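The residues making up each chain are set out below.
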Amino acid sequence: MASTYLTWTPSGAGSTTKWTTSFWVKRANLGGTQELVANWGSGNDNTTVRFLSGNNLEIVDYQSSSVVMKRVTNRLFRDTSAWYHIVVNIDTNQSTANDRTKLYINGVQETSFSTTTNYSSGQAHKWNTTYVHNIGQSGGSAGYFDGSMSHIHFIDGTAYDASAFGETDATTGEWEAKTSPSVTYGNNGFFILKDGNGITDQSSNSNNFTLGGGTLTD
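Conventions and cut-offs
- Residues numbered from 1 in each chain as written.
- Predicted model: local features only at pLDDT ≥ 70, side-chain atom pairs only at ≥ 80, totals over all residues.
- Heavy atoms only, no water.
- Helix = DSSP H or I, 4+ residues; strand = E, 2+ residues; numbered from the N terminus.
- Rg over C-alpha atoms; globule rule 2.2 N^0.38 Å.
- Buried < 20%, exposed > 50% of the residue type's maximum accessible area, 1.4 Å probe, protein only.
- Contact = heavy atoms within 4.5 Å.
- Lys, Arg positive; Asp, Glu negative; His and termini not counted.
- Charge placed at Lys NZ, Arg CZ, Asp CG, Glu CD.
- Phe/Tyr/Trp six-rings, centres within 6.5 Å; stacked < 30°, edge-to-face > 60°.
- Lys NZ or Arg CZ within 6 Å of the ring centre and 35° of its normal.
- Pairing = 2+ DSSP bridges.
- Axes fitted to C-alpha atoms, helices over the stretch in contact; angles between N-to-C directions.
- Core = buried A, V, L, I, M, F, W, Y, C linked by side-chain atoms within 4.5 Å.
- 1 Å grid on protein atoms, 1.4 Å probe; cavity = no way out; pocket = protein on both sides within 12 Å on 5 of 7 lines; lining within 4 Å.
- Points joined across faces, edges and corners; volume = space filled by probe spheres on them.
- Nonpolar A, V, L, I, M, F, W, Y, C, P; charged D, E, K, R; others polar.

Asker: Where do I start with the overall build of the protein chain in this structure?
Answerer: Per the secondary structure count, the protein chain includes zero helices and 16 strands. Here the protein chain has a C-alpha radius of gyration of 16 Å; the compact-globule value for 218 residues is 17 Å, and the two agree. Taken over 218 residues, the protein chain has a buried fraction of 49%. Taking contacts inside the protein chain between residues at least 6 apart in sequence as the whole, the part at least 24 apart equals 63%. Of the side chains in the protein chain, 13 bear a positive and 18 a negative charge, and the two mean positions are spaced by 6 Å.

Asker: When you look at the packing of aromatic side chains in this model, what are you seeing that I'm missing?
Answerer: Scanning the model with the defined rule gives eleven aromatic pairs in all. With centroids separated by 5.1 Å and ring planes inclined at 80°, the aromatic side chains of F77 and Y84 adopt a geometry described as edge-to-face. Y84 shares its class with F77; the two are buried. By way of ring pairs, the aromatic residues W8, W19, W127, F154, F190 and F209 are connected into one cluster. For the cation-ring pair, R27 lies above F51, with the distance from its terminal atom to the ring centre recorded as 4.1 Å. Here the guanidinium or amino end of R71 rests over the ring plane of F113, the centre of that ring lying 5.6 Å away.

Asker: Would you mind going over the environment of N44 with me for this structure?
Answerer: With respect to the helices and strands, the residue N44 is situated in the loop between β3 (34-40) and β4 (46-51). Linking N44 and F145, residues 101 residues apart in sequence, is a C-alpha distance of 21 Å. Not counting residues up to four positions away in its chain, the partners in contact with N44 are Y62, Q63, S64 and S65.

Asker: Whenever I open this one, unusual backbone geometry confuses me. Can you help?
Answerer: Leaving glycine out, the prevailing phi sign among residues is negative, and the prevailing peptide bond configuration is trans. A positive phi angle, close to 50°, is found at H151, a residue other than glycine. Note that H151 resides in strand β12 (residues 147-156). We classify H151 as buried; its relative accessible area is 7%. Residue S206 is not a glycine yet carries a positive backbone phi of 60°. Relative to the assigned elements, S206 resides in the loop between β15 (190-192) and β16 (210-213).

Asker: Sorry if this is basic, but what is going on with the sheet that holds strand β5 (residues 56-63) here?
Answerer: A sheet is described by the order of its strands in space; here eight strands give the open sequence β10-β6-β5-β4-β3-β11-β1-β16, paired in antiparallel fashion. For this open sheet the edge positions go to β10 (113-117) and β16, each flanked by a neighbour on one side alone. For this sheet, the mean angle separating the axes of adjacent strands, direction not counted, is 15°. The pairing of strand β6 (residues 66-76) with β10 spans four bridges and is antiparallel. Pairing of V72 across the sheet is with T115, part of β10.

Asker: Just checking my understanding: could you explain the nonpolar core for this structure?
Answerer: As a rule of thumb, nonpolar side chains are buried together in soluble globular proteins. Counting residues in each nonpolar core, the largest one holds 33 residues, and the members touching the most others are F23, V25, L36, L57, I86, I135 and M149. In terms of residues, this core owes the most to one element, strand β7 (residues 84-91), which gives four residues. Here I86 is in contact with T21, S22, F23, V25, L36, F51, L57, L103, Y104 and I105, once residues within four sequence places are set aside. Membership of the second largest hydrophobic core comes to twelve residues, among which are A162, A164, W175 and F191.

Asker: Sorry if this is basic, but what is going on with the sheet that holds strand β8 (residues 101-105) here?
Answerer: Whenever strands of a sheet pair, they do so through backbone hydrogen bonds, lying parallel or antiparallel. Pairing in this open sheet of six strands is antiparallel, and the strands run β9-β8-β7-β2-β12-β15 from one edge to the other. With partners counted over all chains shown, the strands left at the sheet margins are β9 (108-109) and β15, one partner each. Summarising the sheet, strand β2 (residues 18-27) and β7 pair through eight bridges and their orientation is antiparallel. Paired with K18 across the bridge in β7 is D91.

Asker: I'm lost on the layout of surface pockets in this one. Help?
Answerer: In this approach, a probe sized like a water molecule rolls over the atoms, and the result shows the empty space that is left. Of the volumes computed, that of the largest pocket is approximately 540 Å³. Along its surface, the largest pocket is lined by 23 residues, and S148, M149, L193, L216 and T217 are the ones closest to its centre. Elements that contribute at least two residues to the lining of the largest pocket include exactly β1 (5-8) and β12. Per-element accounting of the lining of the largest pocket gives the leading share, five residues, to β12. Of the residues that constitute the lining of the largest pocket, the class distribution is nine nonpolar, twelve polar and two charged.

In short, shape yes, function no, at least from these values alone.
What follows is the structure, given as structure tokens:
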């Protein structure tokens, strides 16, 4: 049973209307709720990207126990031999409601959802505040991710699409990582699990994570 997760708490809030996260995942076991990236505050204030028990992907933001944003994909993620590149960008100031949350899988924007709840215009979110930020686990010692993760980016204050972090190999046609993307991280941004560099932030911010539990294997 998986029990490894990473944790970090920002010392101050960054942008509460615009951010991006990008990461690569390879699942080892299916089923159950498996948190990928999440922040958790007091009560029921949390934002998370996670696999659900049905093997679809959910992005959800709860504030005071109410859902203010939610996406659940129709697509299922059941290939344990594949790496998936997942990018989520949030910009609640977008005039079109559906554009306030965007999801990209392996370079392609996902548009087929079984559930869609949009942020209201200018809605502030809890991600990128001083709540604890976890990778691989929820805030309640549950929902551990079972698999591998790599090249995890968080961008404070800019909404990037997938092309900022990945590109198509001209020879193989496969989607691959840009190992040193040209992005602006912002104050709370970070870049961890880059090749063999572990949980030390590879941006210039020194927003280093710590091992919250389990064993991290390179």
